[in-house]
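# Summary of the model geometry
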Amino acid sequence: MDPVIVVGAGPVGLTLSLALAAQGVPSVVLDEGPGTEETRLARTVVLREDTADLMGRLGCRDLDRAGLRWAGWRSMRRKQLVREVPLGEDPEGEDGLPRHALLPAPLHVPQHALGTALRAAVGAAPLVQLMPLSRIDTLEQDAHGVTVHTREPGSTWWRGSYVVGCDGARSTVRKLLDIRFPGRTAVERHAVAALRAELPWPGEAVLHRQPPWRTGGAEVTARPLPDGVWRVDWLLPPRGELVTPEALITRIRDTLAGWCGETPAYELLDTGVHTLHHRLARRWRRQRAFLAGDAAHLLGALGTQGLDEGLRDAENLAWKLAHAWHHGPAEQLLDSYQSERRAAVAARLRAADQCLPILRGGGGLRTLVPGAARGHDTLLADGHLGRGALGAPPSYSHSPLSPPCAEAHTAVGTPPGAPVADVRVTAPDGTTVRLRERLGQGHPLVVLVAPGTGVWDRRHWQTAGVMPRLTDAVAALPVTAELLVTENYPGASAHTVLLIRPDGHLVAAFGGVRPAELFAAARAALGGAGRGTEGGAEPKGPEGPERAEQAEKAEAEQVEKVEKADEPEGGLDDDAAGHDQRSQARARVHADGTAGIN
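Numbering of residues starts from 1 in every chain and runs along the sequence as written. Whole-chain, interface and lining totals are the exception, using all residues; otherwise, since this is a predicted model, local features are given only for residues with pLDDT of at least 70 and side-chain atom pairs are given and counted only at 80 or more. Here the side-chain values reflect all heavy atoms present in the structure, with hydrogen atoms and water set aside.

Only DSSP runs of H or I reaching four residues or more are called helices, and only runs of E reaching two or more are called strands; each is numbered from the N terminus. The number of helices and strands found in the protein chain is 16 helices and 26 strands. As presented, the protein chain carries roughly 25,100 Å² of accessible surface, and 51% of it is formed by carbon and sulfur atoms. Where accessible areas are quoted, they stem from the Shrake-Rupley method and a 1.4 Å probe; at the residue level, only the protein chains shown are allowed to cover.

Given below as structure tokens:
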């Protein structure tokens with residue numbers, strides 16, 4: 001089968017190509033530029049816990065040295081400290097769960113360092129072909145693939161199975177597909193400076209609202225980088241105000257003096273003006289062509305991170321393309337990319353648009369309400385720290401891939417559709433790792449919660465309790481899955497079984513081993529498609545639910561013999577076919593009003 005064509009070699013395009021390669025899918029990355037990264041310290045990205053882990057899994061394991069994880073978050077208003085939030089990794093208790101509710105520290109890294117790390121990982125990936133100086137001007141589709149033409153100096157016709165436009169806000173792919181990109185222009189403007197200086201809060205990010213000095217403006221943000229470097233942002237008025245070099249130098253000196261008492265020695269490394277827009281493409285899929293990253297959406301006001309959402313686009317799309325590439329057409333599965341990701345980004349944009357008049361409107365009766373200022377600081381902190389409607393990782397609770405509710409389902413600390421907790425798990429070969437380290441390999445995960453297995457020899461718990469029955473149930477699933485065991489999971493009791501998508505979102509949790517229900521949930525998570533199926537056809541022979549039910553009955557006697565009192569209880573839009581079904585699924589996704597943002 002032809003490779004996937006990825007247009008654009010920014011962080012999203014490179015991430016998508018690496019994620020596809022990790023799942024055995026070749027790709028060609030068409031890079032409009034010369035294949036190098038421009039060093040700009042005034043252009044940085046903040047990676048949340050899930051996206052930072054994604055970068056590590058894809059081979060960018062040295063990002064922690066190129067960037068910095070914040071030690072804390074500090075909110076100030078005028079001359080007062082409003083809020084101080086410690087950040088970092090939680091120490092684990094004996095049960096493998098965090099002892100304290102510390103917020104995870106975001107990773108702040110220069111964008112050129114992230115791009116360089118991704119390019120190095122691509123260079124080591126034999127399934128990824130990176131082609132510089134390749135700007136597309138033609139895109140054609142047929143029933144079996146796509147054809148793309150790149151202009152001079154590398155004028156070539158490329159043939160692929162699918163094409164993904166990751167080519168930024170002025171996306172050529174989006175224009176060739178004739179997809180509209182409505183939204184708002186210049187929602188926020190920031191003057192930005194990267195400088196090396198010694199500030200009173202080493203390692204902590206600072207948000208200072210209404211600073212008391214004349215040139216402070218409405219808001220100043222300082223975010224640390226390694227080697228004593230800081231990125232400082234000043235919120236500019238919505239209109240006008242040309243940022244001259246002299247005016248920026250005055251802002252820098254006044255701000256440093258306001259924080260340090262007097263202007264300390266500093267080294268100015270880079271400057272810029274950052275204008276933020278809010279836009280959302282009408283469609284993210286057209287037949288075999290997809291949009292991701294800035295080509296599909298623009299956001300960034302109030303601390304929200306557009307690149308974070310772009311990386312989540314890549315992770316969500318990669319496993320679905322990989323399944324279709326390996327197992328044949330799966331239309332509902334591919335349609336779910338737009339249903340899930342567009343709804344998630346639309347909700348983020350809607351939350352930001354609702355908060356902007358409150359946080360940026362100023363004046364009025366709001367300022368007289370007790371506690372209003374503190375509430376505003378909480379909203380801003382949510383956006384910067386990755387919490388709440390402005391920043392939390394998305395949950396696909398209304399996804400068309402969600403299985404119907406069943407009596408066998410049980411509630412755990414993670415609601416269906418949300419990202420799973422990163423607990424420590426053990427594989428049947430005895431390997432013990434964090435759960436997130438097993439994601440992104442193109443297959444779902446089945447996790448059994450079995451307290452006490454850590455103190456038992458692996459040979460014992462593999463043949464004890466419900467483990468043999470669960471092993472057979474996993475083998476009968478419509479797609480290859482990996483079976484893992486954990487001693488504890490938030491909100492889960494012993495013998496709970498979790499079904500997890502390749503991108504780390506919970507499909508369903510079951511109160512015990514329920515082979516038929518597990519099979520049904522796994523099949524729903526694939527959009528009705530599985531091993532040896534096309535477009536969701538029912539699998540034949542020994543892979544169907546009949547085998548799962550037979551396995552459940554056949555193992556009943558063995559389970560009764562193995563379970564003993566002195567052993568642990570758990571061993572461990574365009575296609576006509578399926579149009580009505582996909583329309584119903586999209587109606588479910590937009591039931592919360594998301595359809596109002598187009």
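Let us keep going from here.
When DSSP finds at least two bridges between two strands, those strands are taken to pair. Across the sheet, which stays open at both edges, the 6 strands sit in the order E8-E2-E1-E12-E19-E18 with mixed pairing between neighbours. Lying at the two open borders of the sheet, with one neighbouring strand each, are strand E8 (128-131) and strand E18 (285-286). Examined bridge by bridge, strand E1 (residues 4-7) and strand E12 (residues 163-165) share 3 bridges and lie parallel to one another. Across the sheet, the residue bridging to valine 7 is glycine 165, located in E12.

Moving on: the packing of aromatic side chains. Only the six-membered ring of Trp is used, alongside the rings of Phe and Tyr, when aromatic pairs are assigned; centres must lie within 6.5 Å, and planes under 30 degrees apart are stacked while those over 60 apart are edge-to-face, with the rest tilted. Scanning the entire structure with this criterion turns up 6 aromatic pairs. Ring centres 5.8 Å apart and planes at 50° place the aromatic pair tryptophan 284 and tyrosine 337 in the tilted group. In this pair, tryptophan 284 is assigned in the loop between strand E17 (266-280) and E18 and tyrosine 337 in helix H8 (residues 331-360), connecting sequence segments 53 residues apart. To sort residues, take the accessible area from a 1.4 Å probe on protein chains only and compare it with the maximum for the residue type: under 20% means buried, over 50% means exposed, and anything in between is partly exposed. Given a relative accessible area of 0%, tyrosine 337 falls into the buried group. Ring pairs connect the aromatic residues Tyr162, Trp284, Phe290 and Tyr337, which therefore count as one cluster. Charge-over-ring placement is defined geometrically: NZ (Lys) or CZ (Arg) within 6 Å of the ring centre, and within 35 degrees of the ring normal. A cation over a ring is seen here: arginine 174 above phenylalanine 181, with NZ or CZ 3.9 Å from the ring centre. Here the guanidinium or amino end of arginine 288 rests over the ring plane of tyrosine 162, the centre of that ring lying 4.8 Å away.

Quick look at H8 now. Between its first and last C-alpha, H8 extends 43 Å over 30 residues, near the 44 Å set by a 1.5 Å rise per residue. At glutamine 354, H8 shows its maximal bend, which comes to roughly 25°, and the proline proline 357 appears one to four places after that position. Burial within H8 is extensive, with 22 of its 30 residues counted as buried. The span one expects for a helix is its residue count, reduced by one, times 1.5 Å. In this scheme, the bend at a residue equals the angle between the axes fitted to the seven residues that finish there and the seven that begin there.

Val4, Leu16, Leu47, Met55, Val164 and Leu321 are the most contacted members of the largest nonpolar core, which has 71 residues in total. Element by element, the count of residues in this core is highest for helix H7 (residues 306-327), at 9 residues. Sequence-distant contacts of valine 4, defined by excluding residues within four places in its chain, comprise Leu20, Val25, Pro26, Ser27, Val28, Ser161, Tyr162, Val164, Leu321 and Trp325. Counting residues in each nonpolar core, the second largest holds 24 residues, with Val485, Val497, Leu518 and Phe519 among its members. The nonpolar core is taken to be a set of buried Ala, Val, Leu, Ile, Met, Phe, Trp, Tyr and Cys residues, with the residues joined through side-chain atoms within 4.5 Å. Residues are treated as being in contact if the distance between any of their heavy atoms lies within 4.5 Å.

To continue, consider the side chain of arginine 288. Here arginine 288 is to be found in the loop between E18 and strand E19 (289-291). For the purpose of charge, His is not counted, nor are the chain termini; Lys and Arg are scored as positive and Asp and Glu as negative. A carboxyl oxygen of Asp or Glu within 4 Å of a side-chain nitrogen of Lys or Arg is what we treat as a salt bridge. There is no salt bridge for the buried arginine 288, and the closest opposite charge comes from aspartate 142, which lies 5.7 Å off by N-O distance. In the analysis that follows, any N or O atom pair within 3.5 Å is treated as a polar contact, provided that within protein one partner can donate a hydrogen and the other can accept it, and provided that, for residues neighboring in sequence, both atoms belong to side chains. Reaching out from arginine 288, the side chain makes a polar contact with the backbone oxygen of alanine 143 at a distance of 3.2 Å.

Right, let's talk about the pattern of salt bridges for a bit. For the coordinates displayed, the defined rule picks out 34 salt bridges. Of the charged contacts in the structure, one is a salt bridge between arginine 48 and aspartate 308, with a shortest N-O distance of 3.4 Å. Of the two residues, arginine 48 sits in the loop between strand E3 (44-47) and helix H2 (49-57) while aspartate 308 sits in helix H7, which places them 260 residues apart along the sequence. When the shortest N-O distance is used, the salt bridge between arginine 434 and aspartate 422 registers 3.8 Å. Of the two residues, arginine 434 sits in strand E22 (residues 432-434) while aspartate 422 sits in the loop between helix H10 (388-391) and strand E21 (424-426), which places them 12 residues apart along the sequence.

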